[in-house]
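Residue strings, one per chain:
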Amino acid sequence: MNDSFILTSILALPLVGAILIALMDAENKKLVKTLGLVFSTASFLLSVWLFVKFNGASAEMQFVEKYRWIPTLDISYHLGVDGISLLLVVLTTFLTPIALLASWESIQSKLKGFVALMLLLEVGTLGVFMSLDMFLFYVFWEFMLIPMYFIIGIWGGGERIYAAIKFFLYTMAGSLLMLVAIIWLGYYASTQPGGAFTTDLMKLFTIAPSIPMSIQSWMFLAFALSFCIKVPLFPFHTWLPDAHVQAPTAGSVILAGVLLKMGTYGLVRFCLPLFPFATFTFMPYIAGLAVIGIIYGALVSMVQADFKKLVAYSSVSHLGFVVLGIFAVNEEGMQGGVIQMINHGLSTGALFLLVGMIYDRRHTRMIKDFGGLAKQMPLYATFFMIVMLSSVGLPGLNGFVGEFLILLGAFKSQYLANYLYAILAATGVIFAAVYLLWSYQRVFFGKLENPENQKLIDLSKREIAVLVPVIVFIVWIGFYPSTFLNKSAATSRQLIHQIENARKGQQFRVIEEAVRSQAPAAVE
């Protein structure tokens, strides 16, 4: 296989699928669903080939494709992946066919539009993770909003319009600040000796760290705000529960599994390497917000009566761990943050799948409406238990690996330089065990008294086929995480060295300027 165009091929498959489905007869529902599944699965298989061929020993961008787009502004169609973006590309292509298969029977109205929008959503998210041009990145970032807005607004719950508009406005508000910052970065590049306007990320990696601290702080905040809204980091999280609760199951799976990772990926890809000095300045504040989010999300989850809202708030807590690991600025924390992005996509995505399956049967998500389901649906209870324990962080399952590395990184961080971050974050693990085990006990144990629950049917073959691949990866990462950590290790290591060296260079320049300014006074 020719690997020269593999990234474009992974991007193009769901796009071609969406176009073909849009041109089809809407009445042929089986063919619509089958084509959506075929094109998304083909994209996943290509990403598996990408994973196999990727050289984990190299920290460089690989499978790079670059074609000039707007030459006068040095804007290009520029794609590439490193060890971090590789894992997120595979996660995206893995979850999309899972989400489509999960919606095989639950989505019946306007089916053609739903499947086409799901494939377009995959195109947008893949583009975000592959882009090495900031203009192209921004195009994909904004493009992703459109299909997600319609998925929530058309196929969502009773308050879907409110949730869709809130999701759109929150993300758009942050994005506009990021656009201003991107334009300013391109302009700054043109002010350098022999420079010209550019949005090439590889060039900006060498130019942006020299931005004066007074301006670098504002650039960092413009990017960070956009990404923190998407994560979402406390206190920018209020759009998330509404979007999750109102979205259809497939929308919730992709939202939790992939879209939220765009925020944490943005922090890693842009904020840290472009603005290293500002990173260290704002590090304790962002890490502090991450710890608050970990505890806050867990405590709010504990009191939820709606199972789906409980899972939604748990995302605030779990992604707080990811942000904490990133801003520990050491290899353990970064690697933990990266693998925890994948873990959260698998575990929380699976929880939304499971909640959706019971909602399809009972049309309620209220925890009080259940009880004793383990007797009626033993297979469902078993799958739920495995996924729930992975989310808790049980050793041997995927969640433990990420949380352990993140807490170790926060504890060892010479820049956070305070054990309190790790100690307080560790309480989030305890709270997660409380709200997940307690909710599991109320739903699956006790007496099977409700007549409606006595009629419930256990998982179908299709539902088992949806869940088994996710469980395989949950156990695989739990027992042998090196398969995935080895792919991102060199990239994480280089990123840490890159921002540390840039910080040292910036500190040297500050001292040099101070000496120069004092020299005339000394002569006088």
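It should be noted that the structure appears before, not after, this text.
Model, not experiment: these values are computed from the prediction. (Residues numbered from 1 in each chain as written. Predicted model: local features only at pLDDT ≥ 70, side-chain atom pairs only at ≥ 80, totals over all residues. Heavy atoms only, no water.)

**Comments concerning the overall build of the chain**
When helices and strands are tallied, the chain shows 19 helices and 2 strands. Relative to its length of 524 residues, the chain is compact, with a C-alpha radius of gyration of 23 Å against a globular reference of 24 Å. By principal-axis analysis of the C-alpha atoms, the chain measures approximately 95 × 55 × 40 Å. For the chain, buried positions account for 60% of its 524 residues. Taking contacts inside the chain between residues at least 6 apart in sequence as the whole, the part at least 24 apart equals 81%. With an accessible surface of roughly 19700 Å², the chain has 68% of that area assigned to carbon and sulfur atoms. For the chain, the separation between the mean place of its 33 positive charges and that of its 28 negative charges on side chains is 6 Å. (Helix = DSSP H or I, 4+ residues; strand = E, 2+ residues; numbered from the N terminus. Rg over C-alpha atoms; globule rule 2.2 N^0.38 Å. Buried < 20%, exposed > 50% of the residue type's maximum accessible area, 1.4 Å probe, protein only. Contact = heavy atoms within 4.5 Å. Areas by Shrake-Rupley, 256 points an atom, 1.4 Å probe, with all protein chains shown as cover. Lys, Arg positive; Asp, Glu negative; His and termini not counted. Charge placed at Lys NZ, Arg CZ, Asp CG, Glu CD.)

**Regarding the pairing of strand β1 (residues 62-70)**
Where β1 lies against strand β2 (residues 75-81), 6 bridges are found, and the strand directions are antiparallel. Across the sheet, residue Gln62 finds its bridge partner in β2, namely Val81. Joining the antiparallel neighbours β1 and β2 is a turn of 4 residues, in which Asp74 adopts a positive phi near 55°. (Pairing = 2+ DSSP bridges.)

**Quick look at the packing of aromatic side chains**
For the structure shown, the criterion picks out 34 aromatic pairs. Between Tyr67 and Tyr77, the ring centres sit 6.1 Å apart and the planes meet at 25°, which makes this aromatic pair stacked. In this pair, Tyr67 sits in strand β1 while Tyr77 sits in strand β2, placing the two residues 10 residues apart along the sequence. For Tyr77, a relative accessible area of 24% gives the class partly exposed. Clustering of aromatic rings is evident, with ring pairs tying together Phe44, Phe51, Phe94, Phe473, Trp476 and Phe484. If you follow Lys230 out to its NZ or CZ, it ends over the ring of Trp141, 5.6 Å from the centre. (Phe/Tyr/Trp six-rings, centres within 6.5 Å; stacked < 30°, edge-to-face > 60°. Lys NZ or Arg CZ within 6 Å of the ring centre and 35° of its normal.)

**Overview of the packing of helix α3 (residues 83-102) against helix α10 (residues 249-274)**
Across the interface, α3 lies against α10 with an axial gap of 9 Å and an inter-helix angle of 170°. Regarding the angle of α3 to α10, the classification is roughly antiparallel. In this structure, α3 contributes Ile84, Ser85, Leu88, Leu91, Thr92, Leu95, Thr96 and Ala99 to the contact, and α10 contributes Ala250, Val253, Ile254, Gly257, Val258, Lys261, Tyr265, Val268 and Arg269. Of the residues that constitute the contact of α3 with α10, the class distribution is 11 nonpolar, 4 polar and 2 charged. (Axes fitted to C-alpha atoms, helices over the stretch in contact; angles between N-to-C directions. Parallel < 35°, antiparallel > 145°, perpendicular 65-115°, else oblique. Nonpolar A, V, L, I, M, F, W, Y, C, P; charged D, E, K, R; others polar.)

**Considerations on the environment of Met302**
Note on placement: Met302 falls in helix α11 (residues 276-302). Separated by 133 residues in sequence, Met302 and Tyr435 place their C-alpha atoms 4.6 Å apart.

**Let's talk about the pattern of salt bridges**
In total, this model carries 11 salt bridges according to the counting rule given. The partner of Asp200 in a salt bridge is Lys66, and the shortest N-O contact between them spans 2.7 Å. In this pair, Asp200 is assigned in the loop between α6 (160-190) and α7 (201-207) and Lys66 in strand β1, connecting sequence segments 134 residues apart. Here Lys66 falls in the partly exposed class, since its relative accessible area comes to 40%. With a closest N to O distance of 3.7 Å, Arg462 and Glu105 form a salt bridge. Of this pair, Arg462 sits in helix α18 (residues 461-479) while Glu105 sits in the loop between α3 and α4 (111-130), and the two are 357 residues apart along the sequence. Classification of Arg462 by relative accessible area gives buried; the value is 16%. (Salt bridge = Lys/Arg side-chain N within 4 Å of Asp/Glu carboxyl O.)

**Regarding a nonpolar patch on the surface**
Residues Val468, Val472, Val475, Trp476, Phe479 and Tyr480 make up a contiguous nonpolar surface patch of about 580 Å² in total accessible area. With respect to the element layout, Trp476 can be found in helix α18. With relative accessibility at 36%, the residue Trp476 sits in the partly exposed group. (Patch = residues over 30% accessible without salt bridge, like charges linked within 9 Å, V, L, I, M, F, W, Y side chains within 5 Å.)

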